[in-house]
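Here is how the chains run, residue by residue.
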Amino acid sequence: MRFLGLSFVLLLLVGCAPQVGISDNQRREWGLQPIIGNFAPDRGEGGKYKLRERVFFSFTLSQPGYVTLVTMDSDTTTVVLERNVQLPAGRHTFPLATDRNAQGQATYLVVPPLGPSRFRLLYTNTPATNRELFRGKLSNEEFNRHTQAYLSAAQVRDVVETWMEAVPQ
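This section reports on the structure supplied with the text. (Residues numbered from 1 in each chain as written. Predicted model: local features only at pLDDT ≥ 70, side-chain atom pairs only at ≥ 80, totals over all residues. Heavy atoms only, no water.)

## Details of the environment of Val 55
Logical step 1: Considering the arrangement of structural elements, one finds Val 55 in strand β3 (residues 54–55).
Logical step 2: Taking the C-alpha atoms as reference points, Val 55 and Asp 42, 13 residues apart in sequence, are found 6.6 Å from one another. (Helix = DSSP H or I, 4+ residues; strand = E, 2+ residues; numbered from the N terminus.)

Next comes the structure, spelled out in C-alpha cells:
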C-alpha cells in the first residue's frame, strides 16, 4: 500500500510540471533544424527560484543567427525577454554579460506569480520583423501559433523550451 501511495504522489508531481518542449510533429511541421542545444536555467530544467532571485539561461548555437527569448508564466502571461539578438555560434548565457543597466550587468529577477514558468528560445537565420507577437495572456495553442508565425519568414529556424519554478520566500 505504501508503494501505491508513493507512486500516486510521484504521478501527481509529474502532472504538475509544465508540458515543455516541442513535439516531433511540431518540429517537422515548423521545419525546425537542430541549431540550439543545452538550453536550461542555471539550476537546471525545473529548478526552483525564490522571488527576487536572479536566473540565467545557458545555451549553445551550432551556427550564427538571431535568437529571441520568450517566457510564459503560470498565469499564461507571455513576455519577450530578448528579441533578435545576433549571436555567433558557440556557448551563450542570457542575459548577456554585455547587457548593462544603471547597476551594472542586466539581470532577470524572478517575480510573481508563483509556480512554473516556461521559457522558449527561438532561432532564425535572419532577424524576425513581427513585433506584435507574444504579448499578453496566451493559451498553449496561441503560444504555438505565435511561435510558428514568428519563425515563418526564416529559412533556417529552431525552437527549444525549458522551465523553472518560482517558489515562496
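Let us keep going from here.
## What about unusual backbone geometry?
In most cases, non-glycine residues show a negative phi, while peptide bonds are predominantly trans.
Logical step 1: The amide bond that connects Phe 94 to the next residue, Pro 95, takes the cis arrangement and shows omega of -5°.
Logical step 2: The residue Pro 95 is located in the loop between β7 (90–94) and β8 (100–101) in this model.
Logical step 3: A positive phi angle, near 75°, is found at Thr 76, a position not held by glycine.
Logical step 4: Inspection of the secondary structure assignment puts Thr 76 in the loop between β5 (65–72) and β6 (77–87).
Logical step 5: Unusually for a residue other than glycine, Phe 134 sits at a positive phi of about 65°.
Logical step 6: Tracing the backbone through its elements, the reader meets Phe 134 in the loop between β11 (115–124) and β12 (136–137).

## So, the nonpolar core
Logical step 1: Grouped together as the largest cluster of nonpolar side chains are 24 residues, with contacts concentrated most on Phe 39, Phe 59, Val 67, Phe 94 and Leu 121.
Logical step 2: Counting residues per element, the ones that place at least two in this core are β1 (36–41), β4 (57–61), β5, β6, β11 and β13 (157–167).
Logical step 3: Discounting residues that sit within four places of it in the chain, Phe 59 has contacts with Ile 36, Gly 37, Asn 38, Phe 39, Val 67, Leu 87, Gly 90, Arg 91, His 92, Phe 94 and Leu 121.
Logical step 4: In terms of nonpolar packing, the next biggest core, distinct from the first, is built from 14 residues, Met 72, Ala 128, Phe 143 and Leu 151 among them. (Core = buried A, V, L, I, M, F, W, Y, C linked by side-chain atoms within 4.5 Å. Buried < 20%, exposed > 50% of the residue type's maximum accessible area, 1.4 Å probe, protein only. Contact = heavy atoms within 4.5 Å.)

## Describing the packing of aromatic side chains
Logical step 1: By the definition in use, this model includes seven aromatic pairs.
Logical step 2: Here Phe 57 and Tyr 108 contribute two aromatic rings whose centre-to-centre distance is 6.3 Å and whose plane-to-plane angle is 50°, an arrangement assigned as tilted. Remark: Tyr 108 occurs in strand β10 (residues 108–109) and Phe 57 occurs in strand β4; sequence separation between them is 51 residues. The same class applies to Phe 57 as to Tyr 108, namely buried.
Logical step 3: Relative to Tyr 150, the ring of Phe 134 lies with its centre 6.0 Å away and its plane at 55°, an arrangement referred to as tilted. Pair noted here: Phe 134 is in the loop between β11 and β12 and Tyr 150 is in helix α3 (residues 140–151), with a separation of 16 residues, a long-range link. This pair shows no difference in class: Phe 134 is buried, exactly as Tyr 150 is.
Logical step 4: Cluster of aromatic residues (ring-pair linked, three or more members): Phe 39, Phe 57, Phe 59, Phe 94, Tyr 108 and Phe 119.
Logical step 5: Above the face of the Phe 143 ring, Arg 120 is positioned so that its terminal group lies 4.2 Å from the ring centre. (Phe/Tyr/Trp six-rings, centres within 6.5 Å; stacked < 30°, edge-to-face > 60°. Lys NZ or Arg CZ within 6 Å of the ring centre and 35° of its normal.)

## Looking at α3
Logical step 1: With 12 residues, α3 ought to run about 16 Å at 1.5 Å a step, and its terminal C-alpha atoms sit 17 Å apart, in line with that.
Logical step 2: On its buried face, α3 sits against α2 (24–30), β5, β6, β11 and β13. (Expected span 1.5 Å × (residues − 1).)

## Some remarks on the sheet that holds β4
Logical step 1: Taking strand neighbours across the sheet as the criterion, the three strands line up as β1-β4-β7 in an open arrangement whose pairing is antiparallel. Each end of this open sheet is capped by a strand with a single partner; those strands are β1 and β7. Each strand axis lies, on average, 15° off the axis of its neighbour in the sheet, ignoring direction.
Logical step 2: In this sheet, β7 lies alongside β4 in antiparallel orientation, the contact comprising five bridges. The partner of Leu 61 across the bridge, within β7, is Gly 90. (Pairing = 2+ DSSP bridges. Axes fitted to C-alpha atoms, helices over the stretch in contact; angles between N-to-C directions.)

## Details of the pattern of salt bridges
Logical step 1: Applying the stated rule across the entire model yields seven salt bridges.
Logical step 2: Between Asp 75 and Lys 137 there is a salt bridge, with its nearest N and O atoms 3.5 Å apart. Note that Asp 75 is positioned in the loop between β5 and β6 and Lys 137 in strand β12, a separation of 62 residues in sequence.
Logical step 3: Between Arg 118 and Glu 161 there is a salt bridge, and its shortest N-O distance comes to 2.8 Å. In this pair, Arg 118 is assigned in strand β11 and Glu 161 in strand β13, connecting sequence segments 43 residues apart.
Logical step 4: One salt-bridge network, in which partners are shared between bridges, spans Arg 118, Arg 120 and Glu 161. (Salt bridge = Lys/Arg side-chain N within 4 Å of Asp/Glu carboxyl O.)

Keep in mind these values describe shape, not function.
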